[in-house]
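# Working through the structure, step by step
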Amino acid sequence: MSKPKHERTLAETEAKAVTRNIRVSPRKLNLAAGLIRGKKAQDALAILTFSKRRISQTVKATLESAIANAENNHQLDVDRLVVSRVEVGRAIVMKRFHARGRGKAARVEKWFSHLSIVVAEKQADAEPAQQEAA
């Protein structure tokens, strides 16, 4: 007895990778994720490689995982992959305290995030050929 097979939520031309509980706030992670939204996969890798943000290496690893999933699990063409969606979500928040003067305490919140990257295979555009004919 097993559970029924889970239906695939992505299209046939899409692949996904998820990294959970990244030790960075969602706002900071979203800034790094915004650099690659809508870009070609190879261009996005180059952008993340040379980005100065600390979290960009984790985003790059997740993108590389999505590309590998597309190639190995779904037989998609790596050269035609585009970053179609990058989703950043809230995870847990560790609550700590910082001792203050006169016996008081201040709250310190350490945010964690989830990152989900979906890459899609784009078909070769026929539009440039149509523009040349016009």
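Our subject is the structure that appears above.
Below, the structure is looked at part by part. (Residues numbered from 1 in each chain as written. Predicted model: local features only at pLDDT ≥ 70, side-chain atom pairs only at ≥ 80, totals over all residues. Heavy atoms only, no water.)

### A word on the overall build of the protein
Operational definition: A helix here means a DSSP run of H or I that spans at least four residues, while a strand means a run of E at least two residues long, and both kinds are numbered starting from the N terminus. Two things to know: the radius of gyration comes from C-alpha atoms, and the globule rule equals 2.2 Å times the number of residues to the power 0.38. The cut-offs for exposure are 20% and 50% of the maximum accessible area for each residue type, with area from a 1.4 Å probe on protein chains only; residues under the lower value are buried, those over the upper are exposed, and the others partly exposed. Working rule for contacts: check all heavy atoms of both residues, and any pair within 4.5 Å makes them a contact. Values of accessible area rely on a 1.4 Å probe in the Shrake-Rupley scheme; residue burial ignores everything except the protein chains shown. The charge count includes Lys and Arg as positive and Asp and Glu as negative, but it does not include His or the ends of the chains. By convention, the point assigned to a charge is CZ for Arg, NZ for Lys, CD for Glu and CG for Asp.
Per the secondary structure count, the protein includes 4 helices and 3 strands. Relative to the globule expectation of 14 Å for 134 residues, the C-alpha radius of gyration of the protein, 20 Å, shows a markedly less compact shape. Dimensions of the protein along its principal axes, counting C-alpha atoms only, are 80 × 50 × 25 Å. Among the 134 residues that make up the protein, the fraction classed as buried is 32%. In the protein, the share of contacts with a sequence separation of at least 24, taken over all contacts with a separation of at least 6, comes to 69%. Accessible area for the protein stands at about 9,400 Å²; split by element, carbon and sulfur atoms hold 49% of it. Charged side chains in the protein number 26 positive and 14 negative. The centres of these two groups are separated by 21 Å.

### A short note on the environment of isoleucine 36
Relative to the assigned elements, isoleucine 36 resides in the loop between α1 (26-34) and α2 (41-49). Taking the C-alpha atoms as reference points, isoleucine 36 and alanine 66, separated by 30 residues in sequence, lie 13 Å from one another. Filtering out sequence-adjacent residues up to four positions away, isoleucine 36 remains in contact with Ala44, Leu48, Val59, Val83, Val86 and Ile117.

### Some thoughts on α2
In plain terms, the rule: Along the arc lie the directions from the helix axis toward the C-beta atoms.
Within α2, the full set of buried residues consists of Ala41, Ala44, Leu45 and Leu48. All buried residues of α2 lie within an arc of 100 degrees about the axis, which places them on one face of the element. On its buried side, α2 packs onto α1, α3 (56-72) and β2 (81-99).

### Things to note about the side chain of serine 51
Note that serine 51 resides in the loop between α2 and α3. Sequence-distant contacts of serine 51, that is, excluding residues within four places in its chain, are made with Leu35 and Ser56.

### A word on the environment of lysine 28
Considering the arrangement of structural elements, one finds lysine 28 in helix α1. Separated by 60 residues in sequence, lysine 28 and valine 88 have C-alpha atoms that sit 9.9 Å apart.

### Focus on the sheet that holds strand β3 (residues 105-121)
Operational definition: Two strands qualify as a pair provided DSSP detects at least 2 bridges between them. Note on method: axes are straight lines fitted to C-alpha atoms, helices fitted across the in-contact stretch only, with angles between N-to-C directions ranging 0 to 180 degrees.
Taken together, 3 strands build an open sheet; the order of strands is β1-β3-β2 and the sheet is antiparallel. Bordering the open sheet on either side are β1 (14-22) and β2, each of which pairs with just one other strand. With direction set aside, neighbouring strand axes in the sheet form an average angle of 10 degrees. Bridging between β1 and β3 involves 7 bridges; their strand directions are antiparallel. If you follow alanine 15 over to β3, its bridge partner there is valine 119. Across the sheet, α1 touches β1, β2 and β3, and the angle it forms with β2 is around 160 degrees. Docked against the sheet, α3 engages β1, β2 and β3, running at close to 150 degrees with respect to β1.

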